[in-house]
Amino acid sequence: MAKRSFSQLGNDLYTGEKSFNFVGKRKTWYLIAAIAIAISIIGPFLRGGFSLGIEFTGGSQFQVHTQAGQDRDLSRATAAVKEVLPNSEPRVTHVGQSDIQVQTEQLETAESDKLRGLLAEAYGVDESEVTASYIGAVWGQDVTRQAIIALVVFLAFAALVMTVYFRTWKMSLAALTALMHDLIITAGIYGISGFEITPAAVLGFLTILGYSLYDTVVVFDKIRENTKPEQMEGRRTFAEAVNLAVNQTLVRSINTSVVAILPVASILFIGAFVLGAGTLRDIALALFIGILVGAYSTIFIAAPVYAQLRAGEPKIKKADEHLLEQRAKASSDSAAPVTAVG
C-alpha cells in the first residue's frame, strides 16, 4: 500500500497534479542554508579547530598486537603514555579485532623505546608485538596540496562542460553554488563533531563532488526540457517550469539517494564497528554526510538559484509578466457577473 502511494505521489508530481513549491519558497531555503553554512564555519573554530589526523600534524604511532579475545581496555594505553608524556592527550583506538593504535606527538628515540615497553607491559605481550613508527607532516601537506589542485581543476572543468552542455553559464554557477554548500557543511560537521580529518576523509570530500554534480545535472536536464519555448507556450512562468522539473525528478532523487546511501552506511558500520578499519570508516563517513547534504542542495539550492538567476532576463521577465496579466484578466472575466438578456 505504501509503495503504491509513493508511486502515485510520483505520478502526481510528474503530471503537476501535486506540487511542492521549492522555487517559490527559495528565500526560506537560502536562510536555512546561510545559517547552516555560518554554523559550519564558526562552529569548528569555537570548538578549537579541526581535528587533524597524524598524517597532517606529524607524530609517533604505536600499534599493539594482542590475542583475539584479550582485554583491550584503552585506558591502559592512555596511562602508559601519561607516564612518558604527562601533559599529552594521545589518540587511542581499537583497530580490527585484536590491535590497539596509539598516536602521540613526535617522540625522541629514548621516549619511543620506553613507551613501547610500557605498552607491552600494560597488555601483557612481548615488546616485539608493539610496533612503533614516525609519520611526518610533509606527506599530509602534500596530499592536501594535491587535493586543492584537484578541486580547482574539477570545478573549472565541470563549469566549462556544463556551460557548453546546457548553453548557459548560469546553470554552472547554480551547480557550483550547491557544490560549495555541500563541501562547507560536510567539513563543518566534521569540525563540530570532532571527527578526525585524514587523507581518506579528504578523498571522501572529493568523491562527494561527483555524486552531488550527477544529481544536479539530472534535475537541470529536466529543467532545460521544461523551459524550451515549445514546452512553455504561455502555460507557465519560468519559475513554475523550473519548479515542475524539480517535482518531476523528486522521487528519482530520493530513490537515487537511498540506493547510494545504503551501501555507504553498510561500509561505515562494517569499517567502524566490525573491522575497525580507519580508512573505510573515514571515506564512508564523508560520503554518508555528503550524500545527505548533496540530495538537499540539488533540490533546495541549485534549482532555486538557477531560477532566480534567469528570472531577471528581459525576455523571460516579459513573458512571465504577459502570462500573469492574461491569468489576471481571465480570473477577472470569470468573476464578472452575468446579466440576463430577456
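A brief look at the structure comes next. (Residues numbered from 1 in each chain as written. Predicted model: local features only at pLDDT ≥ 70, side-chain atom pairs only at ≥ 80, totals over all residues. Heavy atoms only, no water.)

### Quick word on the overall build of the chain
Stage number 1. Across its full length, the chain carries 13 helices and six strands.
Stage number 2. The 342 residues of the chain split such that 42% are buried.
Stage number 3. At a minimum sequence separation of 6, the contacts of the chain that also span at least 24 residues come to 76%.
Stage number 4. Carbon and sulfur atoms provide 63% of the accessible area of the chain, an area that totals close to 18,600 Å². (Helix = DSSP H or I, 4+ residues; strand = E, 2+ residues; numbered from the N terminus. Buried < 20%, exposed > 50% of the residue type's maximum accessible area, 1.4 Å probe, protein only. Contact = heavy atoms within 4.5 Å. Areas by Shrake-Rupley, 256 points an atom, 1.4 Å probe, with all protein chains shown as cover.)

### Brief notes about the sheet that holds strand S5 (residues 130-135)
What holds strands together in a sheet is hydrogen bonding between their backbones, with the strands either parallel or antiparallel.
Stage number 1. Spatially, S3-S4-S2-S5 is the arrangement adopted by the four strands of the open sheet, whose pairing is antiparallel. Both outer strands of the open sheet, strand S3 (91-95) and S5, are each paired with one neighbouring strand and no more. Taken pair by pair, the neighbouring strands of this sheet meet at an average axis angle of 20 degrees, ignoring direction.
Stage number 2. Alignment of S3 against strand S4 (residues 99-104), held across five bridges, turns out to be antiparallel. Paired with Val92 across the two strands is Val102, which belongs to S4.
Stage number 3. Running over the sheet, helix H4 (residues 74-84) touches S3 and S4 and is turned about 145 degrees from S3.
Stage number 4. Sheet strands in contact with helix H5 (residues 109-123) are strand S2 (59-65), S4 and S5, and its direction is about 25 degrees off that of S2. (Pairing = 2+ DSSP bridges. Axes fitted to C-alpha atoms, helices over the stretch in contact; angles between N-to-C directions.)

### Concerning unusual backbone geometry
For residues that are not glycine, phi is negative in most cases, and the peptide bond is trans in most cases.
Stage number 1. With phi around 60 degrees, Arg167 is a residue other than glycine that occupies positive phi space.
Stage number 2. Within the element layout of this structure, Arg167 appears in the loop between helix H6 (137-166) and helix H7 (169-193).
Stage number 3. Note on Arg167: relative accessible area 77%, which makes it exposed.

### Describing the nonpolar core
Stage number 1. Phe22, Tyr190, Phe220, Ile223, Val242 and Tyr306 are the most contacted members of the largest nonpolar core, which totals 57 residues.
Stage number 2. At the level of secondary structure, the elements contributing two or more residues to this core comprise helix H2 (26-47), H6, H7, helix H8 (199-226), helix H10 (238-248), helix H11 (250-274) and helix H12 (278-311).
Stage number 3. It is H12 that provides the largest number of residues to this core, a total of 15 residues.
Stage number 4. Not counting residues up to four positions away in its chain, the partners in contact with Ile223 are Met171, Val242, Ala245, Ala303 and Tyr306.
Stage number 5. Formed by 18 residues, the second largest nonpolar core is a distinct cluster that contains Ala77, Leu107, Leu115 and Ala120. (Core = buried A, V, L, I, M, F, W, Y, C linked by side-chain atoms within 4.5 Å.)

### Some details on the pattern of salt bridges
Stage number 1. Per the stated rule, a full pass over the model turns up four salt bridges.
Stage number 2. The salt bridge partner of Lys170 is Glu313, with a shortest N-O separation of 2.9 Å. On the criterion of sequence distance, the pair formed by Lys170 in helix H7 and Glu313 in the loop between H12 and helix H13 (314-335) is long-range, its members being 143 residues apart.
Stage number 3. The exposure class assigned to Lys170 is buried, which follows from its relative accessible area of 13%.
Stage number 4. The partner of Lys222 in a salt bridge is Glu225, with the nearest N and O atoms 3.2 Å apart. Here the residue Lys222 and the residue Glu225 both occupy positions in helix H8, the gap between them amounting to three residues, near one helical turn.
Stage number 5. A network of salt bridges, in which partner residues are shared, links Lys170, Arg310 and Glu313. (Salt bridge = Lys/Arg side-chain N within 4 Å of Asp/Glu carboxyl O.)

### Side note on the packing of aromatic side chains
Stage number 1. Applying the stated rule across the entire model yields nine aromatic pairs.
Stage number 2. With centroids separated by 4.7 Å and ring planes inclined at 75 degrees, the aromatic side chains of Trp29 and Phe300 adopt a geometry described as edge-to-face. Of this pair, Trp29 sits in helix H2 while Phe300 is found in helix H12, placing the two residues 271 residues apart along the sequence. Of the two residues examined, Trp29 and Phe300, each falls in the buried class.
Stage number 3. Here Phe220 and Tyr306 contribute two aromatic rings whose centre-to-centre distance is 5.7 Å and whose plane-to-plane angle is 40 degrees, an arrangement assigned as tilted. With Phe220 in helix H8 and Tyr306 in helix H12, this residue pair connects regions lying 86 residues apart in the sequence. Both residues of the pair, Phe220 and Tyr306, count as buried. (Phe/Tyr/Trp six-rings, centres within 6.5 Å; stacked < 30°, edge-to-face > 60°.)

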